[in-house]
Amino acid sequence: MKLIAKTEILYHSHMYEAGDELPQNDQAMVKAWLKAGTAEYEDQIKKTAAPVLEMAERILNEKQEKAEVPTGRKKIVESGTPDCKETGK
């Protein structure tokens, strides 16, 4: 199981960036990172990200569906003038 940095972490003269795998040889540091929320085990990231990704996908789909609904705008014909028959005027 991989321990992943959530923020920048300087450890033993090495700068770990968010998303980098952290060493797990020092259990005191592992516990400190987990307690501080600066690191997370990879499987926990997947579990917490899944609901967020599902919600984002649902919102995106709803926006796409709304974009496909006619808005009542006048249809522009090739001549560039409004097609009055479609709007009922």
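See the structure shown above.
Residues numbered from 1 in each chain as written. Predicted model: local features only at pLDDT ≥ 70, side-chain atom pairs only at ≥ 80, totals over all residues. Heavy atoms only, no water.

(A) Examining the overall build of the protein chain more closely. Of the regular secondary structure elements, the protein chain holds three helices and five strands. Listing the helices and strands of the protein chain from first to last along the sequence gives β-β-β-β-α-β-α-α. Per-residue burial for the protein chain yields a buried fraction of 13% across its 89 residues. Look at the contacts in the protein chain between residues 6 or more apart in sequence, and 31% of them connect residues 24 or more apart. As displayed, the protein chain offers around 7400 Å² of accessible surface, 55% of which is attributable to carbon and sulfur atoms. (Helix = DSSP H or I, 4+ residues; strand = E, 2+ residues; numbered from the N terminus. Buried < 20%, exposed > 50% of the residue type's maximum accessible area, 1.4 Å probe, protein only. Contact = heavy atoms within 4.5 Å. Areas by Shrake-Rupley, 256 points an atom, 1.4 Å probe, with all protein chains shown as cover.)

(B) Focus on the nonpolar core. Core analysis: the biggest nonpolar cluster contains ten residues, these being Leu3, Ala5, Ile9, Tyr11, Tyr16, Leu22, Val30, Trp33, Ala39 and Tyr41. When residues of this core are traced back to their parent elements, those giving at least two are strand E1 (3–5), strand E2 (9–11), helix H1 (27–36) and strand E5 (39–41). If we skip the residues at most four places from it in the chain, Val30 touches Leu3, Pro23, Gln24 and Tyr41. (Core = buried A, V, L, I, M, F, W, Y, C linked by side-chain atoms within 4.5 Å.)

(C) Unusual backbone geometry, seen in detail. One non-glycine residue, His12, lies in positive phi territory at about 50°. Considering the arrangement of structural elements, one finds His12 in the loop between E2 and strand E3 (14–16). Here Ser13, not a glycine, exhibits a phi torsion of approximately 60°, which is positive. As for its position among the elements, Ser13 is in the loop between E2 and E3.

(D) Inspection of the pattern of salt bridges at higher detail. All told, the structure shown has one salt bridge when counted by the stated rule. Two residues, Lys6 and Glu40, come together in a salt bridge whose shortest N-O distance is 3.9 Å. You can see Lys6 sitting in the loop between E1 and E2 and its partner Glu40 sitting in strand E5, a full 34 residues away along the chain. Judged by relative accessible area, Lys6 falls into the partly exposed class, the value being 42%. (Salt bridge = Lys/Arg side-chain N within 4 Å of Asp/Glu carboxyl O.)

(E) Structural context of the sheet that holds E5. The strand order across the open sheet formed by three strands is E4-E1-E5, and the pairing between neighbours is antiparallel. Both outer strands of the open sheet, strand E4 (21–22) and E5, are each paired with one neighbouring strand and no more. Examined bridge by bridge, E1 and E5 share three bridges and lie antiparallel to one another. Counted as the bridge partner of Ile4 is Glu40 from E5. Across the face of the sheet, H1 comes into contact with E1, E4 and E5 while running at roughly 100° to E5. (Pairing = 2+ DSSP bridges. Axes fitted to C-alpha atoms, helices over the stretch in contact; angles between N-to-C directions.)

These figures capture arrangement, not role.
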